[in-house]
Amino acid sequence: MGEPWNTFVEGDNLDVLPRLGEITGDGSAYDLVYIDPPYNTGNDFAYRDDIRGDATTSRHQAWVAMMRPRLHAARDVLAETGAIFVSIDDNEVTHLRLLMDEVFGERQLLAQVVVGLNPKGRQLGRGFATSHEYLLVYARDARRCVLDASSADTVDERDFPLTAPDGRRYRHLPLRNTNKKFNPATARTLYFPVWGDPGTGEVRTAPFGDAVEVMPVFGDGRPAVWRWSRPLIDERPGDLVCRRIKGVRGDRVDVFQRDWLHPGRRKKLPTIWLAEEVGSTDTAVAELKEVLGHVFESPKPTGLVRRILGTMPDDARVLDFFAGSGTTGHAVALQNAADGGSRRCTSINSAEPTRPGSNAALAGYATVADITRARLRAVAATVGGGLDEPVAEPVG
Ligand SMILES: C[S@@+](CC[C@H](N)C(=O)[O-])C[C@H]1O[C@@H](n2cnc3c(N)ncnc32)[C@H](O)[C@@H]1O
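The structure displayed is predicted, hence computed values, not measured ones.

Caption draft 1: Structural context of the overall build of the protein chain. Of regular secondary structure, the protein chain possesses 12 helices and 18 strands. Residues counted as buried form 36% of the 396 residues belonging to the protein chain. In the protein chain, once contacts between residues fewer than 6 apart in sequence are set aside, the share between residues at least 24 apart is 70%.

Below is the structure:
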């Protein structure tokens, strides 16, 4: 079921993308596009347009001109509920962001994530040791997008220091809303007394035994509101506890929620991703070395793509049309193997010749597409999920 996990198509993505359904025999839309485009391929033809000699502007324009139709083609194959992630460095991030605004719409921007892929920083050249790049994340339609910007991997057990008698871990969160925007004037229905017994910890919405009345207040004594409604408190009294605490204005009685570390718990993803969490340029090279050798200069770590995959359902259809060494397909197979998901990934790469004398050429890879194919074949053999290799017949 759900196989093959990987499909590889050789060709120029601009030629392949509009016919992708026909080539793969599956016309359904993609839920997730991840690309890591060449950061400045416009170079060769940039100078031809350069009438006034402003080489830098022209180089950016050429890069944007290369990317524009490809991003339009990507939008056309993206599901209405889907999202696109694009890796980019400092050179083109400004231009790419404007281009993405143009193609997808400014309102579809979900995040500009900083990814610290090179913790030591680039030591070559002058100036700062650049240690990060970016991921621009856009929805096809932010109102319908199913992306869940959270992860189970970032949940830290140490944030849950308390243990219940049955061994479950939890932490105390104030039941009052600590956000000053919410107060009796803005959230009237959440301003009501509760009764609690700091001796037993019991909490109810009506008086009982030795319980004292507790009103929601901010640290400075001003009235606040609760986060839970009366019916919710009545429904889950076991998840609340009344305690005597030391406040800045002396001892007081307050009510807390027991926030459980339950299986499958997720935590919102921050917009800075660290190499120790998602891998680094060095670990990416090592991963590829293990499969094929050192045959590609700038692979991405599978951990980065796996974190991206984790934001979408586990049956997502994934597309990478600048596949390079095949990291995205590798990550999809690893993630399916790890969580039993049925993601499928289509990778596209052109038959760009490898540099004569490079490790890749010496290892017998004549084109980058040969490298992509070789890695995905090795992944199918070792991780599983198979590999489909439909041929994109040249047009015309
Ligand atoms: C920065 S690399 C991607 C690296 C990849 N993320 C990885 O982890 O290995 C960009 C890739 O895009 C490919 N490429 C450039 N122009 C292309 C085009 N028009 N169609 C398809 N692939 C293209 C290049 O051959 C190169 O492998």
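Caption draft 2: Highlighting the pairing of strand S13 (residues 250-260). Here strand S8 (residues 169-174) pairs with S13 via five bridges, running antiparallel. Across the sheet, residue Leu173 finds its bridge partner in S13, namely Gln257. Pairing analysis gives eight bridges linking strand S12 (residues 240-247) to S13, with the strands arranged antiparallel. Each residue of the ladder has a partner; that of Ile245, found in S13, is Arg252. Between the end of S12 and the start of S13, which pair antiparallel, lie two residues.

Caption draft 3: Here's a closer look at the site of the ligand. Near the ligand there are 19 residues, and of these Asp36, Phe322, Gly324, Ser325 and Thr327 occur at the shortest range. Tallied by class, the residues present in the shell around the ligand amount to seven nonpolar, eight polar and four charged.

Caption draft 4: Local environment of the sheet that holds strand S4 (residues 109-116). One open sheet accounts for nine strands, arranged S15-S4-S5-S3-S2-S16-S17-S1-S18; its pairing is mixed. Of all the strands in the sheet, just strand S15 (272-274) and strand S18 (387-388) have a single pairing partner and so form its edges. Note that S4 and strand S5 (residues 133-139) share six bridges and pair antiparallel. Residue pairing across strands places Gln112 opposite Leu136, the latter belonging to S5. Taken strand by strand, helix H5 (residues 93-104) contacts strand S3 (78-88), S4 and S5, and its axis lies near 5° from that of S5.

Caption draft 5: Looking closely at the packing of helix H10 (residues 327-339) against helix H12 (residues 368-382). Viewed as axis vectors pointing N to C, H10 and H12 meet at an angle of 10°, and their least axial separation amounts to 9 Å. Relative to H12, H10 is oriented roughly parallel. Contact residues: H10 offers Gly329, His330 and Ala333, while H12 offers Arg375, Leu376 and Val379. Partitioned by chemical class, the residues of the contact of H10 with H12 number three nonpolar, two polar and one charged.

Caption draft 6: Looking closely at the sheet that holds strand S7 (residues 162-163). The strand order S7-S8-S13-S12 describes an open sheet built from four strands, whose pairing is antiparallel. Single-partner strands in this sheet number two, and they are S7 and S12. Note that S7 and S8 share two bridges and pair antiparallel. Its bridge partner being in S8, Leu162 is matched across the sheet by Tyr170.

Caption draft 7: Geometry of H10. If you check H10, its first and last C-alpha atoms are 18 Å apart, about what 13 residues at 1.5 Å a residue would give, namely 18 Å. For H10, the buried fraction is high: 10 of the 13 residues fall into the buried class. Buried within H10 we find Thr327, Thr328, Gly329, His330, Ala331, Val332, Ala333, Leu334, Gln335 and Asn336. Buried residues in H10 make contact with strand S1 (6-10), strand S2 (30-35), helix H9 (302-309), strand S16 (317-320), strand S17 (344-349) and H12. Looking one or two residues past H10, Gly340 carries a phi angle of roughly 75°, positive in sign.

Caption draft 8: Broad picture of helix H4 (residues 55-77). Along its 23 residues, H4 runs 34 Å from first to last C-alpha, staying within 8% of the 33 Å computed at 1.5 Å per residue. In H4, a bend of some 25° at Met67 exceeds every other bend along the element, and Pro69, a proline, comes one to four places later. Listed in full, the buried residues belonging to H4 are Ser58, Arg59, Ala62, Trp63, Met67, Leu71, Ala74 and Val77.

Caption draft 9: Focus on the nonpolar core. Val33, Ala83 and Leu136 are the most contacted members of the largest nonpolar core, which totals 60 residues. Not counting chain neighbours up to four residues away, the residues in contact with Leu136 comprise Val86, Ile88, Leu96, Arg97, Met100 and Gln112. With 14 residues, the next largest nonpolar core counts Val203, Trp226, Trp228 and Val255 among its residues.

Caption draft 10: Examining the pairing of S2 more closely. Buried residues dominate S2, accounting for six of its six residues. Bridging between S2 and S3 involves five bridges; their strand directions are parallel. The residue bridging Tyr34 from the neighbouring strand is Phe85, located in S3. The pairing of S2 with S16 spans two bridges and is parallel. From the neighbouring strand, Leu32 faces S16, where its bridge partner is Val318.

Caption draft 11: Representation of the environment of Asp282 within the structure. Structurally, Asp282 is set in helix H8 (residues 281-291). For Asp282, a count of 14 C-beta atoms within 10 Å gives the class partly exposed. With 112 residues separating them in the primary sequence, Asp282 and Pro394 have C-alpha atoms 37 Å apart.

Calculation rules
Here the residue numbers are simple positions, counted from 1 along each chain's written sequence. The predicted nature of this model means local features are confined to residues of pLDDT at least 70 and side-chain atom pairs, given and counted, to a pLDDT of 80 or more, with totals for whole chains, interfaces and linings taken over all residues. Put simply, DSSP H or I for four residues or longer makes a helix, DSSP E for two residues or longer makes a strand, and each gets a number counted from the N terminus. Neighbour density around each residue's C-beta defines its exposure: 20 or more other C-beta atoms within 10 Å make it buried, 12 or fewer make it exposed, and counts between make it partly exposed, where C-beta atoms are placed from the backbone. Any pair of residues counts as being in contact when their C-beta atoms, constructed from backbone geometry, are within 7 Å of one another. At least two bridges found by DSSP between two strands is the condition for calling them paired. Defining nearness, a residue is near a molecule or strand when the C-beta atom obtained from its backbone falls within 6 Å of it. In the scheme used here, Gly and all other residues not listed as nonpolar or charged are polar, with Ala, Val, Leu, Ile, Met, Phe, Trp, Tyr, Cys and Pro taken as nonpolar and Asp, Glu, Lys and Arg as charged. Only the stretch in contact is used when a helix axis is fitted, and all axes are lines through C-alpha atoms; the angle between N-to-C directions ranges over 0 to 180 degrees. Any angle between 65 and 115 degrees counts as roughly perpendicular, while under 35 counts as roughly parallel, over 145 as roughly antiparallel, and the rest as oblique. Expected helix span is computed as 1.5 Å times (number of residues minus one). Bend at a residue means the angle formed by two fitted axes: the first through the 7 residues ending at that position, the second through the 7 residues beginning there. A set of buried Ala, Val, Leu, Ile, Met, Phe, Trp, Tyr and Cys residues, joined to one another through C-beta atoms within 7 Å, is what we call a nonpolar core.

Function cannot be inferred from these measures alone, as they are strictly geometric.
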